[in-house]
Amino acid sequence: MEKKTDEQLIHIINKQSRKSELAFAELMNRYSERLYWHVRKIVINHDSADDVSQNVWLKVFQNLSSFRNDSKFYTWLYRIGTNEALSHIQKEKRNVAEDYEVYENYLANTLESDDWFQGDEIQKKLQEAILKLPEKQRVVFNLKYFEEMKYQDMAEVLDTSVGALKASYHHAVKKIEELLKVELI
Amino acid sequence: MKHPELNNKHKKDGFAVPEGYFDTLKAEVLQKTHPKQTRIIALNRSFMRYAAVLLIGLLVAGGWFYLSNADNSSDLYDNMVESEIYMYDYAMLDEYTSSGVESDLTNSEDNYLINSEYGSEILMYEDN
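The paragraphs below set out a description of the structure included in this document.

How each quantity is defined
Residues numbered from 1 in each chain as written. Chains lettered and ligands numbered in written order. Predicted model: local features only at pLDDT ≥ 70, side-chain atom pairs only at ≥ 80, totals over all residues. Heavy atoms only, no water. Helix = DSSP H or I, 4+ residues; strand = E, 2+ residues; numbered from the N terminus. Buried < 20%, exposed > 50% of the residue type's maximum accessible area, 1.4 Å probe, protein only. Contact = heavy atoms within 4.5 Å. Buried area = accessible area lost by both parts, 1.4 Å probe. Polar contact = N/O pair within 3.5 Å; in protein donor to acceptor, adjacent residues only side chain to side chain. Nonpolar A, V, L, I, M, F, W, Y, C, P; charged D, E, K, R; others polar. Salt bridge = Lys/Arg side-chain N within 4 Å of Asp/Glu carboxyl O. Axes fitted to C-alpha atoms, helices over the stretch in contact; angles between N-to-C directions. Parallel < 35°, antiparallel > 145°, perpendicular 65-115°, else oblique. Left-handed = near helix turned anticlockwise from the far one by under 90°. Phe/Tyr/Trp six-rings, centres within 6.5 Å; stacked < 30°, edge-to-face > 60°. Lys NZ or Arg CZ within 6 Å of the ring centre and 35° of its normal.

1. Brief notes about the environment of Lys3(A)
Residues and elements named next belong to chain A. Inspection of the secondary structure assignment puts Lys-3 in the segment before helix 1 (6-15). Residue classification places Lys-3 among the exposed residues on the basis of a relative accessible area of 64%. When residues no more than four places from it in sequence are discounted, the contact partners of Lys-3 are Gln-8 and Arg-30.

As structure tokens, then:
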């Protein structure tokens, strides 16, 4: 059977026919893992990433009829995912503000205690260094370094110019290199 | 990246998920977006009419079946009455024969009966 494009699947879902569930399941097959890992690197903890991912897919389903094919589906999906993950962090910041002076310490602690972080020592040091970046710079670094997303697509996801993204990534790399030098010497 | 620790072999981020997690995630989301609903069949008027006729038919057939299998005392009574009438007829026939009551049939009717297939039978009104 010929593989349908994202746009064709969205058209089927919006018709609300018998096949709409299958089409939505196919969209999830294509993107749920990528979306989860993107969200996970922002919120760090698995349970939080699970909650945020589910919310993102529900929002996608509810708003799919308003999706215009001006942008790619996956950049639209990443945009919703990024916004949901960042607002999850804002809520969490308010809840843990009394216990942690600096939120990044809370995230580092979460990484330490998370059963579902199984990285080696260098991976852990790298994640801790990334956590010291400002949130939006952290997102830029993750999208470019781990997911190797094109700057043009990143610009659609983050609603920022390509030039600004390049500069942001450059600064992020510099900071992480310095942090790792200190940590690994 | 210039730093030796940030080369490609460390691009794995070290995060993991429980086994089968993505299947569970998909199932949970689909359960919320496409809940399985019980099908409701609308009953229109003609359907209700057919259903009523079918129900009445079933009741009549069931009643007939029940009564035909039940101990039927009226059949027994009919059999007893028929038997009694037969006994009465036989007694009357015997009485006529023994008392030699004359036949009301004419001679020509007698001849016809004698020559017909009934001739071989013993006729109660035959002259002794």
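2. Points about the interface of chain B and chain A
Listed by partner, the interface residues are 26 residues for chain B and 40 residues for chain A. Regarding the contact of chain B and chain A, the summed buried area is about 3300 Å², with carbon and sulfur atoms giving 68% of it. Inspection of the chain B/chain A interface yields nine residue pairs in polar contact (both at pLDDT 80 or more). Its residues placed into classes, the side of chain B that touches chain A shows eleven nonpolar, six polar and nine charged.

3. Let's talk about the pattern of salt bridges
Residue and element names in this part refer to chain A. What the rule picks out here adds up to nine salt bridges over all chains. Ionic pairing is found between Glu-84 and Lys-59, a salt bridge with its closest N-O pair at 2.7 Å. Of this pair, Glu-84 sits in helix 4 (residues 73-96) while Lys-59 sits in helix 3 (residues 46-63); the two residues are 25 residues apart in sequence, bridging distant segments of the chain. For Lys-59, a relative accessible area of 35% gives the class partly exposed.

4. Observations concerning the environment of Tyr74(A)
All names here are of chain A. Its location among the elements puts Tyr-74 in helix 4. Excluding residues that lie within four positions of it along the chain, Tyr-74 makes contacts with Tyr-31, Arg-34, Met-149 and Asp-153. A distance of 2.7 Å separates a polar atom in the side chain of Tyr-74 from a polar atom in the side chain of Asp-153.

5. Considering the packing of helix 4 of chain A against helix 7 (residues 135-146) of chain A
All names here are of chain A. Running from N to C, helix 4 and helix 7 cross one another at 140 degrees; their axes reach a closest spacing of 12 Å. By the angle class used here, helix 4 and helix 7 are oblique. Judged by the sense of rotation from one axis to the other, the crossing of helix 4 with helix 7 is right-handed. Contacts between helix 4 and helix 7 involve Tyr-78, Thr-82, Leu-86, Ile-89, Gln-90 and Lys-93 on the former and, on the latter, Glu-135, Lys-136, Arg-138, Val-139 and Leu-143.

6. Description of the packing of aromatic side chains
Residues and elements named next belong to chain A. The full count for this structure, using the stated rule, is 18 aromatic pairs over all chains. With centroids separated by 6.1 Å and ring planes inclined at 90 degrees, the aromatic side chains of Phe-67 and Phe-73 adopt a geometry described as edge-to-face. Comparing Phe-67 with Phe-73 shows no difference in burial state: the two are buried. Their ring planes at 20 degrees and their centres at 5.1 Å tell us that Phe-141 and Tyr-145 sit as a pair that is stacked. On the criterion of helical spacing, the pair formed by Phe-141 and Tyr-145 is a turn pair, its members being four residues apart in helix 7. Accessibility assignment for this pair places Phe-141 and Tyr-145 in one class, buried. A cation over a ring is seen here: Lys-144 above Tyr-151, with NZ or CZ 4.4 Å from the ring centre.

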